[in-house]
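# Chains, contacts and geometry: an overview
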Amino acid sequence: MKKLILDYKTENICCYLCGSTESDYFLTAEDDLTGMPGRFIFVRCRSCGLIYQNPRLSIDEVKRFYTDDYIAHRKNEKLGPLSPLYSWAMGKHDRDKIKLIEPYVRLNSDSCVLDVGCSVGTFLLLLKKTYHCSIVGVDFKDTTYYPGFNEIDFHLGLFYEQKLPAYSYDLITMWHFLEHDYRPRESLQKAQECLKDKGILIIEVPRLDSLTYKLYGSRWPGVQSPQHTVLYSKKHLLEIVKKEGFDLVDYLAYGAFPAYFYLFAGAAFKMLKGKGLTLKKAILPYFTGQLFLAPFLLFEKYLNLSMQTVILKKV
Ligand SMILES: [Zn+2]
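What comes next concerns the included structure.

Parameters at a glance
Residues numbered from 1 in each chain as written. Predicted model: local features only at pLDDT ≥ 70, side-chain atom pairs only at ≥ 80, totals over all residues. Heavy atoms only, no water. Buried < 20%, exposed > 50% of the residue type's maximum accessible area, 1.4 Å probe, protein only. Helix = DSSP H or I, 4+ residues; strand = E, 2+ residues; numbered from the N terminus. Pairing = 2+ DSSP bridges. Right-handed = clockwise from strand over helix to strand, strands pointing away. Donors = N, O, S within 2.8 Å, 3.2 Å for Na, K, Ca; no water. Tetrahedral: all angles 85-135°; square planar, octahedral: opposite > 155°, others 65-115°. Core = buried A, V, L, I, M, F, W, Y, C linked by side-chain atoms within 4.5 Å. Contact = heavy atoms within 4.5 Å. Axes fitted to C-alpha atoms, helices over the stretch in contact; angles between N-to-C directions. Expected span 1.5 Å × (residues − 1). Arc of directions from axis to C-beta. Phe/Tyr/Trp six-rings, centres within 6.5 Å; stacked < 30°, edge-to-face > 60°. Parallel < 35°, antiparallel > 145°, perpendicular 65-115°, else oblique. Left-handed = near helix turned anticlockwise from the far one by under 90°. Nonpolar A, V, L, I, M, F, W, Y, C, P; charged D, E, K, R; others polar.

Attention now moves to the pairing of strand S10 (residues 195–206). Two faces make up the sheet, and in a regular strand the side chains alternate between them. Buried residues dominate S10, accounting for nine of its 12 residues. Sheet topology places strand S9 (residues 169–175) next to S10; six bridges connect them, and they run parallel. Looking at S10, one finds that Trp175 is bridged to Glu204. Handedness of the crossover joining S9 and S10 through helix H4 (residues 184–194) is recorded here as right-handed. In the sheet, S10 pairs with strand S13 (residues 307–313) via seven bridges, with the strands oriented antiparallel. Of the residues in S13, the one forming a bridge with Ile200 is Lys313.

Right, dumping it as C-alpha cells:
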C-alpha cells in the first residue's frame, strides 16, 4: 500500500497566479514515472482557475523525488543493443530545441545563453558547439559530474535566488522548468532582470488543455507529481507571462519534447497504476509504437497533443 502524502513534510500555499487561498479539489495523482510512494492533490483556484498542487512538499522533501531515474537526469544507461537508439532519441531532443529557437534568435560567438533547469547540460553543450556562444546553466540538482560540465558556467541552486548579472543574456530557455518551479512569478521576474533589452525567453511546459490530458486524466504524464507544481493551460501560461511584462512573440501548441512520449507513457501509467515505468522494459515498446504511429505523428504540431511553448521578448 502506498503511503499517503501526510507522511511527507508539506506546506499549504496560495495560488501562484493571483494569490487567492480559495480553491476546489481537482485531482489526486501519484509518481507514475518512478513509482515512489505518495498521493498528491491538485486544486483549482476559485478566483483565476489555475490548477496547482496543494499542499505541496517542502523543497527539501521534493528533492528526494529527483533521483537519477528521473527522465531529465538519465544518462545513457546500459540498455544493451538499444543503447544507440536511446542516445539518438536524447540527441534528437537537443537538436529539436535548436530547431525550435532558430527562427526567433540569431546566436553567434558574442551571444550568451542561460538555460534554467539545465539538468545534464547536453543542450547547452550542443549550443556552444553550434554557435560558439557562451553558455550558463542553473539547476537545483548538482549534475556537475556529467561530461562537459567544465565548459558550462554552472550555478547550483534555485533560479530566483541566484546572483546573476542583469542585462546579460541574449536568450534564456526554460525547457520543462516552470511547471516544477516553487516561485514561477519570481523566476519570470528574474529572467526579465537578466535578459538584455529585446532578449528572448523561451518556455516549454506540458499543456493541460491537450488531447493527452483528455485521454489520461490523473495518469496524464504532465501531472508528474510531486515534481510538477502547476498544470498550465494555454490561457494560464499566457496570463502568467503577461503579468511579468513580457511581449508575446509566438505561441506554439507543441514543443521540442516529443508529444509521443506522453501518448506512450500515459497508456503505460494507466496499466501500471503507479508502479513506475522501467526504462529498460519500456524502450522496445516505446520505439515500436513510435514506428507504428509515425504517419500520425507527422502532424503532431497541429494536433495539440501534449506540449506548448511561448516565445517572449523583453520589452
Ligand atoms: Zn488564482
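From this point, things continue past the structure.
Those donors, Cys15 (SG), Cys18 (SG), Cys45 (SG) and Cys48 (SG), are the protein atoms that reach the zinc ion, and they lie 2.3 Å from it. Given four donor atoms and angles of 101 to 117 degrees at the metal, the environment of the zinc ion is assigned as tetrahedral. Under the relative-accessibility criterion, Cys45 is labelled buried at 2%.

Another point: the nonpolar core. Nonpolar side chains in soluble globular proteins generally cluster together in the buried interior. Counting residues in each nonpolar core, the largest one holds 37 residues, and the members touching the most others are Leu50, Leu201 and Ile203. Looking at this core, the element that brings in the most residues is S10, giving four residues. Not counting residues up to four positions away in its chain, the partners in contact with Leu50 are Cys15, Tyr16, Leu17, Val43, Arg44, Cys45, Val230, Tyr232 and His236. Counting residues in hydrophobic clusters, the runner-up holds 31 residues, among them Ile51, Tyr213, Ala282 and Leu305.

Next up on the list: the sheet that holds strand S12 (residues 247–252). On the basis of which strands lie adjacent, the open sheet formed by seven strands has the order S8-S7-S6-S9-S10-S13-S12 and mixed pairing. Single-partner strands in this sheet number two, and they are strand S8 (153–156) and S12. Taking each pair of neighbouring strands and ignoring which way they run, the sheet shows an average axis angle of 15 degrees. In this structure, strand S7 (residues 134–139) lies alongside S8, joined through four bridges in parallel fashion. In the strand pairing of S8, Val138 is matched with His155.

Here we come to the sheet that holds strand S11 (residues 230–231). Spatially, S2-S3-S4-S11 is the arrangement adopted by the four strands of the open sheet, whose pairing is antiparallel. Each edge of the open sheet carries a strand with a single partner, namely strand S2 (23–30) and S11. Both S2 and strand S3 (residues 39–45) contribute to a ladder of seven bridges, which runs antiparallel. Within the sheet, the bridge partner assigned to Ala29 lies in S3 and is Phe40.

Okay, helix H8 (residues 279–292) next. Taking 1.5 Å of rise per residue, the 14 residues of H8 would be expected to cover 20 Å, and the 19 Å separating its terminal C-alpha atoms lies within 8% of that figure. For H8, the complete set of buried residues consists of Leu279, Ala282, Ile283, Tyr286, Phe287 and Gly289. The arc that holds every buried residue of H8, seen down its axis, measures 160 degrees, which confines them to one face. Exposed positions of H8 whose direction lies more than 90 degrees from the buried face are Lys281, Leu284, Leu291 and Phe292. On its buried face, H8 is in contact with helix H2 (83–101) and helix H7 (259–272).

One pass over the full model with this rule turns up 20 aromatic pairs. Both rings, one in Phe264 and one in Tyr286, keep their centres 5.1 Å apart while their planes meet at 85 degrees; by these two values the pair is edge-to-face. Here Phe264, found in helix H7, pairs with Tyr286, found in helix H8; they are 22 residues apart in sequence, far enough to count as distant. For the pair Phe264 and Tyr286, one class covers both residues: buried. Note on Tyr286 and Phe287: the rings are 5.2 Å apart at their centroids and 90 degrees apart in plane angle, and the pair reads as edge-to-face. Across the pair, Phe287 and Tyr286 agree in class, each one buried.

Right, let's get into the packing of H2 against helix H3 (residues 122–131). At a closest axis distance of 9 Å, the pairing of H2 and H3 adopts a crossing angle of 60 degrees. Classified by the angle their axes make, H2 and H3 are oblique. In terms of crossing hand, the pair formed by H2 and H3 is right-handed. Residues Asp94, Arg95, Lys97, Ile98 and Ile101 of H2 lie in contact with H3, whose contacting residues are Thr122, Phe123, Leu126, Leu127, Thr130 and Tyr131. Its residues assigned to classes, the contact of H2 with H3 comprises six nonpolar, two polar and three charged.

All quantities given are derived from atomic positions and should not be read as evidence of function.
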